[in-house]
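Each chain, letter by letter, is given below.
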Amino acid sequence: MKEVTAADGHVLDCWIEPAQGERRSGLVILQEIFGVTEQLKGVARRYAKLGHEVAIPALFDRVERGLVIPFDEGARGREIMLSLGLEDTMRDIAAAVETLAEAGGKVGVMGFCWGGGLAIGAAGRLETGAAVSFYGTRLERYLDRPLRAPLLCHFGTRDDHTPPEMIEALRRHAPEAEIHLYEAGHAFANDARPAAHVPEAAELAHRRTEAFLARHLQGE
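These numbers were taken from a predicted model, which means no experiment stands behind them.

Describing the nonpolar core
- In terms of nonpolar packing, the biggest core is built from 47 residues, with Val28, Leu30, Ile93, Trp114 and Leu118 touching the most fellow members.
- Only β2 (11-17), β3 (25-30), α2 (74-83), α3 (86-101), β5 (107-112), α4 (114-125), β7 (151-156) and α5 (164-173) provide two or more residues apiece to this core.
- The biggest single contributor to this core is α3, with eight residues.
- Residue contacts for Leu30: discarding those within four places in its chain leaves Pro57, Leu59, Ile93, Val109, Met110, Gly111, Phe112, Gly115, Leu118 and Ala119.

What follows is the structure, encoded as structure tokens:
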């Protein structure tokens, strides 16, 4: 963990996964409602192998430092998430982006669930090279300003967090965004939640994400 400081002076932890081989870009990964989990660190290792230096900011630190919630306590995670203000959370994400930007190169943002919605929000609010959203939630909060970065979104067709009308609202708001649908429910890319995980959909979404980030962050 490394400490980073947000614009309002708040100090938060940030997991740093160094790029393997040549560092070619930075990537901020935004958490679900469970904190900086071992599962997310595994995702960080996957993208570090592709030359991304990865940071996972601890977005729960404004409530409690080092908080990681078991996957079967989603109601508790949601309660903490709802207690956090959007502008404060965006300051924390910006601090992680800026930390990676210090080393040079472009920096992208990618998130899952709560973090997936925040990634869409970051695409309209922050200076970032690209944004990727895996089954982002609370989308209505982020359709208030135009995109400032290329956006890739992955949604499950059976995800009751993002009904079809909400995805259509996103399409209307950001017609330039690349949106993919998968025969899956919520959290289909989380391999630590067997009941939700859909390996084929997860792997396809990650392959698309890898190509998207290589194109927009690494110039391939």
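Now that the structure is up, let's keep going.
Quick look at helix α1 (residues 38-48)
- If you check which residues of α1 are buried, you get Gln39, Leu40, Lys41, Val43, Ala44, Tyr47 and Ala48.
- In this structure, the buried residues of α1 make contact with β2, β3, β4 (52-57), β5 and α6 (199-217).

Points about the environment of His161
- Along the chain, His161 turns up in the loop between β7 and α5.
- With a relative accessible area of 43%, His161 lands in the partly exposed category.
- In contact with His161, not counting residues within four places along its chain, are Thr137 and His186.
- Of note is the side chain of His161, whose polar atom sits 3.2 Å from the side chain of Asp160.

Some details on the pairing of strand β6 (residues 130-134)
- Where burial is concerned, most of β6 is hidden: five out of the five residues are buried.
- Covered by surrounding structure in β6 are Ala130, Val132 and Phe134 together with Ala131 and Ser133, the residues of both alternating faces.
- Crossover connection from β5 via α4 to parallel β6: handedness right-handed.

Observations regarding the sheet that holds β5
- Reading across the sheet, the eight strands line up as β1-β2-β4-β3-β5-β6-β7-β8 and stay open at both edges, with mixed pairing between neighbours. The open sheet has two edge strands, β1 (2-5) and β8 (178-182), and neither has a second partner. The average angle at which neighbouring strand axes cross in this sheet is 25°, direction not considered.
- Examined bridge by bridge, β3 and β4 share four bridges and lie parallel to one another. Counted as the bridge partner of Leu27 is Val54 from β4.
- Against the sheet, α3 contacts β1, β2, β3, β4 and β5, and its axis sits at roughly 160° relative to β3.
- Sheet contacts for α5: β7 and β8; angle to β8, the most-contacted strand, approximately 165°.

Reading the values: rules and limits
- Residues numbered from 1 in each chain as written.
- Predicted model: local features only at pLDDT ≥ 70, side-chain atom pairs only at ≥ 80, totals over all residues.
- Heavy atoms only, no water.
- Core = buried A, V, L, I, M, F, W, Y, C linked by side-chain atoms within 4.5 Å.
- Buried < 20%, exposed > 50% of the residue type's maximum accessible area, 1.4 Å probe, protein only.
- Helix = DSSP H or I, 4+ residues; strand = E, 2+ residues; numbered from the N terminus.
- Contact = heavy atoms within 4.5 Å.
- Polar contact = N/O pair within 3.5 Å; in protein donor to acceptor, adjacent residues only side chain to side chain.
- Right-handed = clockwise from strand over helix to strand, strands pointing away.
- Pairing = 2+ DSSP bridges.
- Axes fitted to C-alpha atoms, helices over the stretch in contact; angles between N-to-C directions.

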